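Chain residues, written in single-letter form:
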Amino acid sequence: MIKVFAITDYKGHFGSKWLSSPYRSGYDQQKLQNYCLDRGISIKFIRPVNIHFSKEEWEGKIVLMTSSEEPGLEYKRHIEDLAYGLEQCGAHVIPGLDVISAHENKIRSAILQNLKLNNSFRILDYTALGNYEELCQYLNLEQQKYPCILKTPQGSKGTGVFLIKDEMELRRVAKKISSKPKITARLKEKIRRKKHKGYIENSRYTDRFLLQEFVPKLQCDWKVLIYGTCIYILRRNIKSNDFRASGSGVGYAAGSESKFPVKYLEPLYQFFLELKVPNLSIDFGFDGQEGFIFEYQALYFGTSTQFKSKDYYKRTDGKWAVQKNEFDQEEIFVNSIAEFIQKK
């Protein structure tokens, strides 16, 4: 029997599940335990307050992590710290700290994504910027092409994503969505500048940005969920007078009815393998000639695509075939974890 530890959040919840009961309570942990036992795995759920960092306790142990999207993301950063501590103790943290830290961090995610992609995809240009002043410095180089996409580092279902038509709009929107320090902090900065010759004031606009290449004339994108050798797909049409498909609720079609360009199943699977994770969520686009990845998440992603799919694509001996979806959300998750552990 393989022993696995699963770190919950402070509420005792683990993972993210569509239509969980109670609301937003994550996976049914009793179901996870039962499915794990069927696969020869003993799983124990541990709350963060019960973690003691020592190599004697954690070295060589297999640990599954959850995440959080609570406003402000402070608790999500705490979970990152827990994962870091467990890795330092010698635990095998799943997924790894690199992709845990990329959750709700589109800048880190874009960097990692483009380093892992191969030439099967068109790689979208992007620029990461630390604050509004850095954006202005970049714009002075006159390299930015328009229209483009402006993203905040966090956000889901199309939030924090803006279509920018020109430089004037980019400066305006970036300034509008940036956090602004309190008046007392600004006054202190002005005093420092008068008192110390050559002192440069701290930024008045402290949020970070990601500029990404815009792909025009798309009619839809696809949410792609990969659990081991199983791929679930949901087509999402773009709303009229909008450029986003995520969260649109328009023209959804799942599985073999999604009109997905199946030649990209294998390249997406290879990208999944490069990330070294048990499961993955991808926002995928295709313009009729080239495929590209907009974003991905390797934990705590929405699972409605799996729930809504009557069928899925299964990889066997390097080939993909449509199979009837008879798994519930806990079972497919456990299957992917079991496959991943057996390969390590």
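Every value quoted in this text rests on a predicted model; they were computed, and no experiment measured them.

Caption draft 1: Quick look at a positive patch on the surface. The grouping of Lys175, Lys180, Lys190, Lys194 and Arg204 at the surface amounts to a positive patch. For Arg204, a relative accessible area of 45% corresponds to the partly exposed category.

Caption draft 2: A look at the pairing of strand E1 (residues 2-7). Bridge analysis of E1 against strand E2 (residues 41-46) gives six bridges, and the strand direction is parallel. Its bridge partner being in E2, Ile2 is matched across the sheet by Ile41. Tracing the backbone out of E1, into helix H1 (residues 29-38) and back to the parallel element E2 gives a crossover that is right-handed.

Caption draft 3: Region of interest: the nonpolar core. Judged by nonpolar contacts, the single largest core of 29 residues is most densely connected at Val224, Phe260, Leu268, Leu280, Ile282 and Phe284. Of all elements in the fold, only helix H4 (97-102), strand E9 (220-227), strand E10 (230-237), helix H9 (265-275), strand E12 (279-286) and strand E13 (291-297) reach the threshold of two or more residues within this core. If you tally residues by element for this core, the top one is H9, at six residues. Once residues lying within four places of it in the same chain are set aside, the contact partners of Val224 are Ile231, Tyr232, Ile233, Phe260, Leu268, Leu280, Ser281, Ile282 and Phe284.

Caption draft 4: Representation of a nonpolar patch on the surface in the model. A cluster of nonpolar side chains, namely Trp18, Leu19 and Phe307, defines an oily patch on the protein surface of about 320 Å² accessible area. Mapped onto the elements, Trp18 comes out in the loop between E1 and H1. Since its relative accessible area comes to 32%, Trp18 is described here as partly exposed.

Caption draft 5: Fine view of the packing of aromatic side chains. Evaluation of the coordinates by the stated rule reveals 21 aromatic pairs. Judged by centre distance (6.5 Å) and plane angle (75 degrees), the rings of Phe121 and Phe284 are edge-to-face. Here Phe121, found in the loop between helix H5 (106-116) and strand E5 (126-129), pairs with Phe284, found in strand E12; they are 163 residues apart in sequence, far enough to count as distant. Each member of the pair, Phe121 as well as Phe284, carries the same accessibility label: buried. Centre to centre, the rings of Phe271 and Tyr296 are 5.8 Å apart; their planes meet at 80 degrees, and the pair counts as edge-to-face.

Caption draft 6: Representation of the sheet that holds strand E4 (residues 92-94) in the model. Taken together, the four strands give an open sheet; going across it, the order is E2-E1-E3-E4, and neighbouring strands pair in parallel fashion. Among the strands making up the open sheet, the edge pair consists of E2 and E4. For this sheet the average axis-to-axis angle between neighbouring strands, irrespective of direction, equals 30 degrees. Against the sheet, helix H3 (residues 74-88) touches E1, strand E3 (62-64) and E4, its axis set at about 150 degrees to E4.

Cut-offs used in this document
Residues numbered from 1 in each chain as written. Predicted model: local features only at pLDDT ≥ 70, side-chain atom pairs only at ≥ 80, totals over all residues. Heavy atoms only, no water. Patch = residues over 30% accessible without salt bridge, like charges linked within 9 Å, V, L, I, M, F, W, Y side chains within 5 Å. Areas by Shrake-Rupley, 256 points an atom, 1.4 Å probe, with all protein chains shown as cover. Salt bridge = Lys/Arg side-chain N within 4 Å of Asp/Glu carboxyl O. Lys, Arg positive; Asp, Glu negative; His and termini not counted. Charge placed at Lys NZ, Arg CZ, Asp CG, Glu CD. Buried < 20%, exposed > 50% of the residue type's maximum accessible area, 1.4 Å probe, protein only. Pairing = 2+ DSSP bridges. Helix = DSSP H or I, 4+ residues; strand = E, 2+ residues; numbered from the N terminus. Right-handed = clockwise from strand over helix to strand, strands pointing away. Core = buried A, V, L, I, M, F, W, Y, C linked by side-chain atoms within 4.5 Å. Contact = heavy atoms within 4.5 Å. Phe/Tyr/Trp six-rings, centres within 6.5 Å; stacked < 30°, edge-to-face > 60°. Axes fitted to C-alpha atoms, helices over the stretch in contact; angles between N-to-C directions.

As far as function goes, none of this settles anything; it's purely spatial.
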